[in-house]
Structures are given as C-alpha cells and as structure tokens.
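Inside the fold
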Amino acid sequence: MDSMKRCLMLAQVLIGSAASASHRCVFMHGLGMPNSSAPTEIDTDDYWGGDSNIIRLTPFCSSRTYIHQDTVTRAWDNAEMHKAVCEAALGEGSNDTVIRDTVLFAHSMGNLIFADALRQKACSLDASSHF
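Residues numbered from 1 in each chain as written. Predicted model: local features only at pLDDT ≥ 70, side-chain atom pairs only at ≥ 80, totals over all residues. Heavy atoms only, no water.

Turning our attention to the overall build of the protein chain. Helix and strand content of the protein chain: 4 helices and 6 strands. Along the protein chain, helices (α) and strands (β) appear in the sequence α-β-β-α-β-α-β-β-α-β when read from the amino end. Within the protein chain, the fraction of its 131 residues that count as buried is 41%. Restricting to contacts in the protein chain with at least 6 residues of sequence separation, those with at least 24 account for 76%. If you sum the accessible surface of the protein chain, you get close to 6,900 Å²; carbon and sulfur atoms cover 53% of it. (Helix = DSSP H or I, 4+ residues; strand = E, 2+ residues; numbered from the N terminus. Buried < 20%, exposed > 50% of the residue type's maximum accessible area, 1.4 Å probe, protein only. Contact = heavy atoms within 4.5 Å. Areas by Shrake-Rupley, 256 points an atom, 1.4 Å probe, with all protein chains shown as cover.)

Dropping the structure here:
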C-alpha cells in the first residue's frame, strides 16, 4: 500500500469518525509540478491516486479542492504559493483569513508551503480545521 493511501486512511479514522461529509478538503501536492493553474475539484493528474480512490477514502469531505502550483522553480517560502494555498483553503469568495471546517492534505513540500503560510500569517487555522 502506498504512503498516500495510508495517509488518507489514517485521516478517515481520525476525522471520519467525528464528521460525516462536513469538512471541505484541500489537497496541496509536493515538489515536481512545473506549472501553476487554478484549483480544481478533480484530481486532474492523478497525483493523489485518482478521484474514485479519494472519494472512497475521504467520506468526511463535503467538497475536494486540488491546488496546482509550480513547485519546480519556486521554493516553499514563496509568498505567491502561500497566497494560493490560503485562498484555496479559505474557499472561493472568502474575505476571511481564518480557515474553518477544512481538512488540508499536503504531501512533501506541500507541508512546508502550508506551514510557512501559517507562520507568515497569510492565513490561520480555526479549531474546526485539521492539517
């Protein structure tokens, strides 16, 4: 079983028992993606194992958002990536900087990006959210 699937199964155990389709889920990939584009609602390049696997393993998600950022030429401390991950985690049209009712999945460099966005106060996590 690959590490991505183990991570999603662990999240299902930890979060799924307390919530049923009540959290937005946001996915931030790691190093190696050469282009930035708008977030999508589908796992467009199967980075996370494909939609059918993700949907099956994350029944606690009311929606799923996949972030697509250039992690080849930009480092984890890049302010544009901080802004992109925070905007995606906050949800479309949000004027807030506090992420609520959201589960953020990050892989590899994605963890550094999101953690530094929190450290730089580009956004913050409410107690109802998980990272």
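So, about the side chain of His-29. Summarising the element assignment, His-29 is placed in the loop between strand E1 (23-28) and strand E2 (37-40). Residue His-29 is classed as buried on the basis of its relative accessible area, which comes to 2%. A distance of 3.0 Å separates the side chain of His-29 from the backbone nitrogen of Gln-69, its partner in a polar contact. (Polar contact = N/O pair within 3.5 Å; in protein donor to acceptor, adjacent residues only side chain to side chain.)

Let us look at the nonpolar core. Counting residues in each nonpolar core, the largest one holds 17 residues, and the members touching the most others are Met-28, Ile-67, Val-85, Ile-99, Leu-104, Ile-113 and Phe-114. Of all the elements, helix H3 (residues 79-90) adds the most residues to this core, at 6 residues. Those residues within four positions of Leu-104 in sequence are excluded, and the remaining contacts are Val-26, Val-85, Ala-89, Phe-114, His-130 and Phe-131. Counting residues in hydrophobic clusters, the runner-up holds 9 residues, among them Phe-27, Trp-48, Phe-60 and Val-103. (Core = buried A, V, L, I, M, F, W, Y, C linked by side-chain atoms within 4.5 Å.)

All right, on to helix H4 (residues 109-119) then. Burial in H4 covers these residues: Met-109, Gly-110, Ile-113, Phe-114, Asp-116 and Ala-117. Seen end-on, H4 carries its buried residues on one side only, within an arc spanning 165°. On the buried face of H4, the contacting elements are E1, H3, strand E4 (98-99), strand E5 (102-106) and strand E6 (124-125). Of the residues trailing H4, Lys-121 is marked for its positive phi of about 65°. (Arc of directions from axis to C-beta.)

The next point concerns unusual backbone geometry. Positive phi values are uncommon outside glycine, yet Asp-101 reaches one of about 50°. Among the secondary structure elements, Asp-101 is positioned in the loop between E4 and E5. Asp-101 gets classed as partly exposed once you look at its relative accessible area, which sits at 40%. Of note in the backbone geometry, Lys-121 takes a positive phi value of approximately 65° without being a glycine.

So, about the sheet that holds E2. The mixed open sheet is built from 4 strands, whose spatial order is E2-E3-E1-E5. What marks the edges here is a single partner per strand, and that holds for E2 and E5. When the angles between neighbouring strand axes are averaged without regard to direction, this sheet yields 20°. (Pairing = 2+ DSSP bridges. Axes fitted to C-alpha atoms, helices over the stretch in contact; angles between N-to-C directions.)

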